[in-house]
Amino acid sequence: MDPELIAKAAAARENAVAPYSGFKVGAALETKDGRVYAGCNIENVSYGLTVCAERVALWKALSEGAREFRQIVTVTDAPRVTPPCGACRQLLWEYCGDILVGLHSLRGLDEEHRLAELLPHPFDRFQL
Ligand code: THU
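Once a new chain begins, its residue numbering starts again from 1 and follows that chain's sequence as written. Two thresholds apply to this predicted model, a pLDDT of at least 70 for residue-level local features and 80 or more for giving and counting side-chain atom pairs, whereas whole-chain, interface and lining totals are computed over all residues. Based on all heavy atoms of the structure, the side-chain values leave hydrogens and waters out of the count.

### Section: the overall build of the protein chain
Tallying secondary structure elements over the protein chain gives four helices and five strands in all. Only the C-alpha atoms count toward the radius of gyration. The rule for a globule is 2.2 Å times the residue count to the power 0.38. Relative to a compact globule of 128 residues, whose C-alpha radius of gyration would be 14 Å, the protein chain shows 14 Å and is just as compact. In terms of principal-axis extent, the alpha carbons of the protein chain reach across some 40 × 35 × 30 Å. Only protein chains enter the accessibility calculation, which uses a 1.4 Å probe; a residue whose area is less than 20% of its type maximum is buried, one above 50% is exposed, and one in between is partly exposed. The buried share of the protein chain, reckoned over its 128 residues, is 45%. Long-range contacts, defined as pairs at least 24 residues apart, comprise 60% of the intrachain contacts of the protein chain with a sequence gap of at least 6. The accessible surface values rely on the Shrake-Rupley method and a 1.4 Å probe; as for residues, cover is taken only from the protein chains in view. Carbon and sulfur atoms make up 54% of the accessible area of the protein chain, which totals about 6,900 Å². Neither His nor the chain ends is counted toward charge; the positive residues are Lys and Arg and the negative residues Asp and Glu. Charge positions come from single atoms, namely NZ of Lys, CZ of Arg, CG of Asp or CD of Glu. Taken as two groups, the 14 positive and 17 negative side-chain charges of the protein chain have centres that lie 3 Å from each other. Runs of E in the DSSP output that reach at least two residues are strands. Runs of H or I that reach at least four are helices, and both are numbered from the N terminus. Only heavy atoms matter for contacts: two residues are in contact if any of them lie within 4.5 Å across the pair.

Written as structure tokens, this is what we have:
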């Protein structure tokens, strides 16, 4: 897993706004031409309006005009790596396709998956 992406996701994680869960997540999304957009989770007292780190990184990238992606790396300090939630899988599939998903825990754990492994049989525009 790319140490630079881990470092960028870990730095973003430091900015997590997670007073309710205490669970800080960072993400770094890399474009095909090597740009990196980082994000952290941002919680809200309504809970339901909380936004995951992956989605913050994705919205930042899309809003800056990025459209082609290679991989995303997420960082937590959990005892197991933290795969993206179902909603983020759906959104990553829609906008990034079958990217590489790197999962890193600061406790020294690493896993890599293709998004298609994490979201088999997706609903997408080909179903319309
Ligand atoms: N969270 C993420 O940011 N990304 C994930 O992949 C899983 C969950 C956040 C949402 C919430 O702020 C906290 O982690 C606990 O669920």
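### Structural notes on the nonpolar core
By nonpolar core is meant a set of buried Ala, Val, Leu, Ile, Met, Phe, Trp, Tyr and Cys residues that side-chain atoms within 4.5 Å join together. Membership of the largest hydrophobic core comes to 22 residues, with the highest contact counts inside it found for Leu29, Phe69, Ile72, Leu92, Cys96, Ile99 and Leu115. If you list the elements that add at least two residues to this core, you get strand S1 (26-31), helix H2 (53-63), strand S3 (69-76), helix H3 (86-96), strand S4 (100-105) and helix H4 (115-118). At five residues, the largest contribution of residues to this core is made by H2. Every residue in contact with Leu92, bar those within four places of it in the chain, is listed here: Leu58, Ile72, Gly97, Ile99 and Leu115.

### Describing the pattern of salt bridges
In the sections that follow, a salt bridge refers to a side-chain nitrogen of Lys or Arg positioned within 4 Å of a carboxyl oxygen of Asp or Glu. With the rule as written, the count across this model stands at four salt bridges. Ionic pairing is found between Glu4 and Lys8, a salt bridge with its closest N-O pair at 3.4 Å. Remark: Lys8 and Glu4 occur in helix H1 (residues 3-13); sequence separation between them is four residues, near one turn of the helix. Judged by its relative accessible area of 48%, Glu4 is partly exposed. When the shortest N-O distance is used, the salt bridge between Arg35 and Asp33 registers 3.2 Å.

### Here we look at the site of the ligand
Residues in contact with the ligand amount to 13 residues; listed here are only the nearest, Asn41, Glu43, Cys52, Ala53 and Glu54. Pairs of N or O atoms within 3.5 Å make up the polar contacts considered here, provided that, within protein, one atom can donate a hydrogen while the other can accept it, and that residues adjacent in sequence are counted only when both atoms are side-chain atoms. A distance of 3.5 Å is found between an oxygen atom of the ligand and a backbone nitrogen or oxygen belonging to Pro83. Starting from 370 Å² of accessible surface for the ligand in isolation, the protein chains cover 79%. By the convention adopted, Pro, Cys, Tyr, Trp, Phe, Met, Ile, Leu, Val and Ala count as nonpolar, Lys, Arg, Asp and Glu as charged, and the other residues, Gly among them, as polar. Tallied by class, residues from the shell around the ligand come to seven nonpolar, four polar and two charged. Distances are taken per atom, and a residue is near a molecule or strand as soon as one of its heavy atoms is within 4 Å of it.

### Some thoughts on the sheet that holds strand S2 (residues 36-40)
Spatial strand order, S2-S1-S3-S4-S5: five strands in an open sheet with mixed pairing. What marks the edges here is a single partner per strand, and that holds for S2 and strand S5 (109-114). Across the sheet, the mean angle separating the axes of adjacent strands is 15° when strand polarity is ignored. Here, strands pair whenever DSSP counts at least two bridges between them. Pairing of S1 with S3, which is carried by six bridges, proceeds in the antiparallel orientation. In the sheet register, Leu29 faces S3, and the bridge partner there is Ile72. Throughout, an axis means a line fitted to C-alpha atoms (over the contacting stretch in the case of helices), and angles, computed between N-to-C directions, take values from 0 to 180 degrees. Here H2 sits on the sheet in contact with S1, S2 and S3, set at roughly 140° to S2.

### Here's the deal with a nonpolar patch on the surface
Patches here are clusters of residues that have more than 30% relative accessible area and form no salt bridge, with a 9 Å joining cutoff for like charges and a 5 Å cutoff for nonpolar side chains (Val, Leu, Ile, Met, Phe, Trp, Tyr). Together, Tyr20, Val45 and Tyr47 give the surface a local cluster of nonpolar side chains, amounting to about 370 Å² of exposed area. For Tyr47, the position within the fold is in the loop between S2 and H2.

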